[in-house]
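Structural features, examined
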Amino acid sequence: MSARTSPAGPADGFTLLELLIAVTLLAILTIVLFGGLRLGTRATAAIDQRVDHTSQIGTVYDFLQNEIANAQNLARPGAQAAAIPRFDGSARALNFVTTPPAYLTSGGFEMLHLRLEPEGRFGRLIVSWTPVSRGAAFGPRTSLQPSVLLNKVKRIAFAYYGAFGSNQPAAWHDAWSGRTDLPQLVRLRVTLADGWQSPDLIAALHLAAGAQGAP
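Below or above, wherever it landed, is the structure these notes cover.

Across its full length, the protein chain carries two helices and eight strands. Walking the protein chain from its N terminus toward its C terminus, one meets helices and strands in the order α-α-β-β-β-β-β-β-β-β. The burial tally for the protein chain puts 29% of its 215 residues in the buried class. Long-range pairs, those at least 24 residues apart, make up 56% of the contacts in the protein chain between residues at least 6 apart in sequence. Carbon and sulfur atoms make up 59% of the accessible area of the protein chain, which totals about 13900 Å².

Structure, rendered in structure tokens:
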């Protein structure tokens, strides 16, 4: 009686073509996964940047909203005081009389100056103050230091809403200068260095709130 033996078959393995196909598929899968990861990283960075922009703009707009709304149309006696315009606005700068926040000064009126100051390739939005004299009885005033409201600003654009004459309709203007009245509204547009444009700030002036024709 003889034992039956099974001949051993050849060992299974990959051919060179199969190995090349597997390596190619792995490379394609790696590229796709890396591309998705990079896209996700960019999207996260863009969202973080947008949140940062929104936070900065929100803080600046809150400050300007309060100050512009409180703009004063003062009658200032005296030659030196009369040389200070009550409200002087252009497309690139704005000057008006207001009361600074309580944490900056103990009280009194100040001329607020807003301007875009060049800094390298771009600029920064600066606010500075000039004391408004109300007579010798009030004593000397302490000057406030200029402050940077916003860095890396590409451009700003102010506009002013109101009527230039009793027979003219109210409209938006690029400048409000040399006038004895206040505009009804002030609009500010800000474009940052990366091209992001903020929503418009539109502030209504309290002393002009009774004027008709505001949009």
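Past the structure itself, the notes keep going.
Together, L17, I21, L25, I28 and V32 make up a nonpolar patch on the protein surface, roughly 500 Å² of accessible area in all. Turning to its location among the elements, V32 is positioned in helix 1 (residues 16-69). On the basis of relative accessible area, V32 is assigned to the exposed category, the value being 54%.

In this section: the packing of aromatic side chains. Tallied over the full model, the rule gives five aromatic pairs. Aromatic side chains F87 and Y160 sit 6.0 Å apart centroid to centroid with 90° between the ring planes, which places their arrangement in the edge-to-face category. Note that F87 is positioned in strand 1 (residues 87-89) and Y160 in strand 5 (residues 147-162), a separation of 73 residues in sequence. Grouping residues by exposure puts F87 and Y160 together as buried. Counting every residue linked through ring pairs, the aromatic cluster contains F87, F96 and Y160. Sitting above the plane of the W176 ring, R179 keeps its charged end 4.6 Å from the centroid.

Criteria and cut-off values
- Residues numbered from 1 in each chain as written.
- Predicted model: local features only at pLDDT ≥ 70, side-chain atom pairs only at ≥ 80, totals over all residues.
- Heavy atoms only, no water.
- Helix = DSSP H or I, 4+ residues; strand = E, 2+ residues; numbered from the N terminus.
- Buried < 20%, exposed > 50% of the residue type's maximum accessible area, 1.4 Å probe, protein only.
- Contact = heavy atoms within 4.5 Å.
- Areas by Shrake-Rupley, 256 points an atom, 1.4 Å probe, with all protein chains shown as cover.
- Patch = residues over 30% accessible without salt bridge, like charges linked within 9 Å, V, L, I, M, F, W, Y side chains within 5 Å.
- Salt bridge = Lys/Arg side-chain N within 4 Å of Asp/Glu carboxyl O.
- Phe/Tyr/Trp six-rings, centres within 6.5 Å; stacked < 30°, edge-to-face > 60°.
- Lys NZ or Arg CZ within 6 Å of the ring centre and 35° of its normal.

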